[in-house]
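# Reading the structure
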Amino acid sequence: MTREHSVKTIAKILKELDQKNRYSYQDVLSVLRCQIQCTSGTAYLEDEILKDLNIDHIHTTYLPLSEYDTLLRRDGEINE
């Protein structure tokens, strides 16, 4: 792992994970993967690509975040 990522980077990740009581090798790999793959922004696909994909008939709905709280509620309390 240190061949591909600096000790400083891994140490920083371990400190962050320690604060969350997460200690597994998989947790470290997950954070590294996110740092590599996640970008600060995502560009929209060009109209031609969308037309080629034939997905213009697909529609999505968005729920307000408060709807997710109802999934966690049980007997009037939020269960985390």
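Residues numbered from 1 in each chain as written. Predicted model: local features only at pLDDT ≥ 70, side-chain atom pairs only at ≥ 80, totals over all residues. Heavy atoms only, no water.

## Points about the side chain of histidine 5
Considering the arrangement of structural elements, one finds histidine 5 in the segment before helix H1 (7-19). The residues contacting histidine 5, other than those within four sequence positions of it, are Ile10, Leu32 and Ile36. (Helix = DSSP H or I, 4+ residues; strand = E, 2+ residues; numbered from the N terminus. Contact = heavy atoms within 4.5 Å.)

## Digging into the packing of H1 against helix H2 (residues 25-37)
Two quantities define a packed helix pair, namely the angle between the axes and the distance from one axis to the other. In contact at an axis separation of 10 Å, H1 and H2 are set at 115° when each is read in the N-to-C sense. Relative to H2, H1 is oriented so that their crossing is right-handed. Facing Thr9, Ile13, Leu14 and Leu17 of H1, the residues of H2 in contact are Asp27, Val28, Val31, Leu32 and Gln35. Tallied by class, the residues present in the contact of H1 with H2 amount to six nonpolar, two polar and one charged. (Axes fitted to C-alpha atoms, helices over the stretch in contact; angles between N-to-C directions. Left-handed = near helix turned anticlockwise from the far one by under 90°. Nonpolar A, V, L, I, M, F, W, Y, C, P; charged D, E, K, R; others polar.)

## Details of the pattern of salt bridges
With the rule as written, the count across this model stands at one salt bridge. When the shortest N-O distance is used, the salt bridge between arginine 22 and aspartate 27 registers 2.8 Å. (Salt bridge = Lys/Arg side-chain N within 4 Å of Asp/Glu carboxyl O.)

## Quick look at a negative patch on the surface
A cluster of acidic side chains, namely Glu46, Asp47, Glu48 and Asp52, defines a negative patch on the protein surface. By the secondary structure assignment, glutamate 46 is in the loop between H2 and helix H3 (47-53). (Patch = residues over 30% accessible without salt bridge, like charges linked within 9 Å, V, L, I, M, F, W, Y side chains within 5 Å. Areas by Shrake-Rupley, 256 points an atom, 1.4 Å probe, with all protein chains shown as cover. Lys, Arg positive; Asp, Glu negative; His and termini not counted. Charge placed at Lys NZ, Arg CZ, Asp CG, Glu CD.)

## As for unusual backbone geometry
What is expected of a backbone is that most residues other than glycine have negative phi and most peptide bonds are trans. For asparagine 21, which is not a glycine, the phi torsion comes out positive at approximately 55°. Note on placement: asparagine 21 falls in the loop between H1 and H2. Assessed through its relative accessible area of 58%, asparagine 21 is described here as exposed. (Buried < 20%, exposed > 50% of the residue type's maximum accessible area, 1.4 Å probe, protein only.)

## Concerning the confidence of the model for the protein chain
As a note on interpretation, predicted positions should not be read in detail where pLDDT is low. Predicted confidence across the protein chain gives a mean pLDDT of 80, with 85% of residues reaching 70 or more. For the protein chain, the element scoring lowest by mean pLDDT is strand S2 (residues 77-78), at 62; H1 scores highest, at 92. (pLDDT = per-residue confidence, 0-100.)

## Remarks on a nonpolar patch on the surface
Taken together, the side chains of Leu45, Ile49, Leu50, Leu53, Ile55 and Ile58 present a nonpolar region at the surface, about 490 Å² in accessible area. Structurally, the position occupied by isoleucine 49 is in helix H3.

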